[in-house]
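Below are the chains, spelled out letter by letter.
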Amino acid sequence: MNQKLLIILFVVIFGISANCFGENPPTMEEQSKAFELNQQGLTSLNKGDMIGARSFFEKAVKLDPQSPEYVNNIGITYLNEGKLDQAIIYFAKASEKNPSYAKAYYNLGVAYQKQQNNEKAVQNYLKTLDIDPNVSEAYFNLGIVYTRLGNKKQAIESYQKFVEVAPPEYEKPKKDAKAKIEELKKG
């Protein structure tokens, strides 16, 4: 009887202490600073400075480890450097932090597509579209990957969906998609 009481007490105390010493949510000040660092990282990213951008994103993650965006952005720096395995690790971490974060799945799809891992690319693009059916780029990329897989019907459907949902500023990619549809219908 005494042993059961000790075990229960241990579980209760361990549970409480584990909760108390767990990851504390970031303060508003930390969130604000993380946001600023992320913005600086995006500026560096746009200038082509992947190492500088990654440094800002890593600092943002330290201040706000719960944000999937900052982790995802680290992955983007690796993706842009062609370091696909590292990129995949960060995109996967971002999707774990928030399973509804469509950008992480989209970026996983891009990385897998670049690795010629077509099945995983399709899987992640479809997951992206399950979360947010307005990510038009996912439809275009699905068209490419389905073409690689020899699935003309799905490729055509994906390109057609891209043409339907892509914003007006995507006029050139829409033309490309229409040309790809015609090419697929011929072959």
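Quick notes on the rules
Residues numbered from 1 in each chain as written. Predicted model: local features only at pLDDT ≥ 70, side-chain atom pairs only at ≥ 80, totals over all residues. Heavy atoms only, no water. pLDDT = per-residue confidence, 0-100. Contact = heavy atoms within 4.5 Å. Helix = DSSP H or I, 4+ residues; strand = E, 2+ residues; numbered from the N terminus. Expected span 1.5 Å × (residues − 1). Buried < 20%, exposed > 50% of the residue type's maximum accessible area, 1.4 Å probe, protein only.

The chain is annotated in an unreviewed UniProt entry as UDP-N-acetylglucosamine--peptide N-acetylglucosaminyltransferase SPINDLY from Leptospira yasudae.

S.K.: How would you summarise the confidence of the model for the chain if you had to cite specific residues and measurements?
M.R.: For the chain, per-residue confidence averages 90 on the pLDDT scale, and 88% of positions sit at 70 or higher. Every residue in residues 5–22 is under pLDDT 50, and counting partners more than four places away or in other chains gives zero contacts.

S.K.: Lay out the side chain of Ser 44 in plain terms, naming residues and giving numbers.
M.R.: Mapped onto the fold, Ser 44 is located in helix 2 (residues 28–46). Dropping the residues within four chain positions of it, Ser 44 is found in contact with Asp 49, Gly 52, Ala 53 and Phe 56.

S.K.: Describe helix 10 (residues 171–186), listing the residues and the values that go with them.
M.R.: Given a rise of 1.5 Å per residue, 16 residues ought to cover 22 Å, and the 23 Å separating the end C-alpha atoms of helix 10 matches this to within 8%. Those residues of helix 10 hidden inside the fold are in contact with helix 8 (136–148) and helix 9 (152–165).

S.K.: Summarise the environment of Ser 44; cite the residues concerned and give the values.
M.R.: What makes Ser 44 buried here is its relative accessible area of 11%. C-alpha of Ser 44 to C-alpha of Phe 56: the two residues are twelve residues apart in sequence and 8.6 Å apart in space.

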